[in-house]
Amino acid sequence: MCLLHPCWSCCCLLLFFSLGVQGVPKDPSAAPEQIHLSYPGEPGSMTVTWTTWVPTLSEVQFGVQLTGPLPLRAQGMASLFVDGGHLRRKLYIHRVTLRGLLPGIQYVYRCGSSQGWSRRFRFRALNDGPHWSPRLAVFGDMGTDNPKALPRLRRDTQQGMYDAVLHVGDFAYDMDQDNARIGDEFMRLIEPVAASLPYMTCPGNHEERYNFSNYKARFSMPGNNEGLWYSWDLGPAHIISFSTEVYFFLHYGRHLVERQFHWLERDLQKANKNRAARPWIITMGHRPMYCSNADLDDCTWHESKVRKGLFGKLFGLENLFYKYGVDLEFWAHEHSYERLWPIYNYQGCEEKLTRFTLFPRPWSAVRVKEYGYTRLHILNGTHIHLQQVSDDQDGKIVDDVWVVRPLLNRMMYL
């Protein structure tokens, strides 16, 4: 049993992917590609995002029948994205939000225009309200080299194992590389998963180039902060995504640190007032506060920037998350899996993979140096089930834990 409001943190595994890089077709194409879904935060809705190489109209046709006509229509808009590389490559990013979806119903859709349509994809609309049990896949640091766990994630998705994906920063290595062709290839790689599930993201350090422009342009997250920070409700949980990178890339504006911090506090205050309906508060941010890896990353320092803030005292997140009782934190950046005991202020209740220190810290519960990803099952308002899947061991579950907290007296973990 653990007292107070500990911050339980999970550092997720790196997944690398490898396929040949393709550029723009010789004849610029109006055919949609790089198709992916996101949840805009509005019940009964889903946003479809895709890319073309010439300007076209933006339309999604959808319905509930697997074959035959798609009777429903939704229109959106396209925006021109000019990459910051020397070729100044142009991409047209299309966004269409589907509304009025029936909870839990499977839909078939295609996107595009009369100039070219995608193939058909399927997704299941998210259930409404807090009284259901979402299942999510969680990972970070996914590149376009060394495929590893992608086939298994695809199979999981095809089998209907998840309701959403959380990608905790670092995409493609890097999306801006080769004049953003690496970003194009990455978005093609994730399409078999991301076109079927809401693919929810936060920025990592590898998205930094040109002020995170590829990240901001390619993903469509809720809110009006260009996907840098936002929150959404899923079943009995309130999920908060934020940018740890504002603490490190200060040349884009120190004001972003303060602005995000005050937004986080307001969001946490609101979430706490809604604990009766959604008891769990879950966060995701790229660079962790704590880790026991054998490197010189921020999380290995006692006064880490994310934990303590700028100059060790301004806008640190640990005190904020402690104050408002954040239940579960997901992090990435370290290329390993580590689960921590509940911890606050170092006190608790007991690409290539990154090495660990020789002896685990007292607050480190499980450490795994293998490729894989996390399965998160938010069963109800009192129980969360976490499993770490090892791709190195052919899908073996290498960590399996329940997080249990009573609805009343939430100062304790059981």
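See the structure printed just above.
Computed from a predicted structure; not experimentally measured. (Residues numbered from 1 in each chain as written. Predicted model: local features only at pLDDT ≥ 70, side-chain atom pairs only at ≥ 80, totals over all residues. Heavy atoms only, no water.)

### Some words on the packing of aromatic side chains
Centre distance and the angle of the planes are the two values used to describe a pair of aromatic rings. A complete count under the given rule lists 18 aromatic pairs for this structure. A centroid spacing of 6.1 Å and a plane angle of 65° characterise the contact between F212 and Y252, whose relative ring orientation is edge-to-face. Of this pair, F212 sits in helix α3 (residues 209-218) while Y252 sits in the loop between β17 (237-241) and α4 (255-273), and the two are 40 residues apart along the sequence. Looking at F212, the relative accessible area reads 6%, which means it is buried. According to the relative accessible area criterion, Y252 is partly exposed, its value standing at 22%. Three or more aromatic residues joined by ring pairs make a cluster, and in this case those are F139, F171, F186, Y199, Y215 and F219. For the cation-ring pair, R110 lies above W117, with the distance from its terminal atom to the ring centre recorded as 4.2 Å. Sitting over the ring of F248, R287 keeps its end group 3.7 Å from the ring centre. (Phe/Tyr/Trp six-rings, centres within 6.5 Å; stacked < 30°, edge-to-face > 60°. Helix = DSSP H or I, 4+ residues; strand = E, 2+ residues; numbered from the N terminus. Buried < 20%, exposed > 50% of the residue type's maximum accessible area, 1.4 Å probe, protein only. Lys NZ or Arg CZ within 6 Å of the ring centre and 35° of its normal.)

### Some points on the nonpolar core
Ranked by internal contacts, the top residues of the largest apolar core, which has 79 residues, are Y199 and L317. Per-element tally for this core: the top contributor is α4, with 7 residues. Residue contacts for L317: discarding those within four places in its chain leaves F242, Y247, F261, L264, M289, V306 and R307. V48, V60, Y109 and A195 belong to the second-largest nonpolar core, a separate cluster that totals 18 residues. (Core = buried A, V, L, I, M, F, W, Y, C linked by side-chain atoms within 4.5 Å. Contact = heavy atoms within 4.5 Å.)

### Details of the environment of R307
Considering the arrangement of structural elements, one finds R307 in helix α5 (residues 305-308). Looking at R307, the relative accessible area reads 2%, which means it is buried. For the pair R307 and L317, spaced 10 residues apart in sequence, the C-alpha separation works out to 5.2 Å. With residues up to four places along the chain from it excluded, the contact list for R307 reads M289, Y290, H302, G316, L317, E318, N345 and Y346. Polar contacts involving the side chain of R307 include one to the side chain of E318, which spans 2.6 Å. (Polar contact = N/O pair within 3.5 Å; in protein donor to acceptor, adjacent residues only side chain to side chain.)

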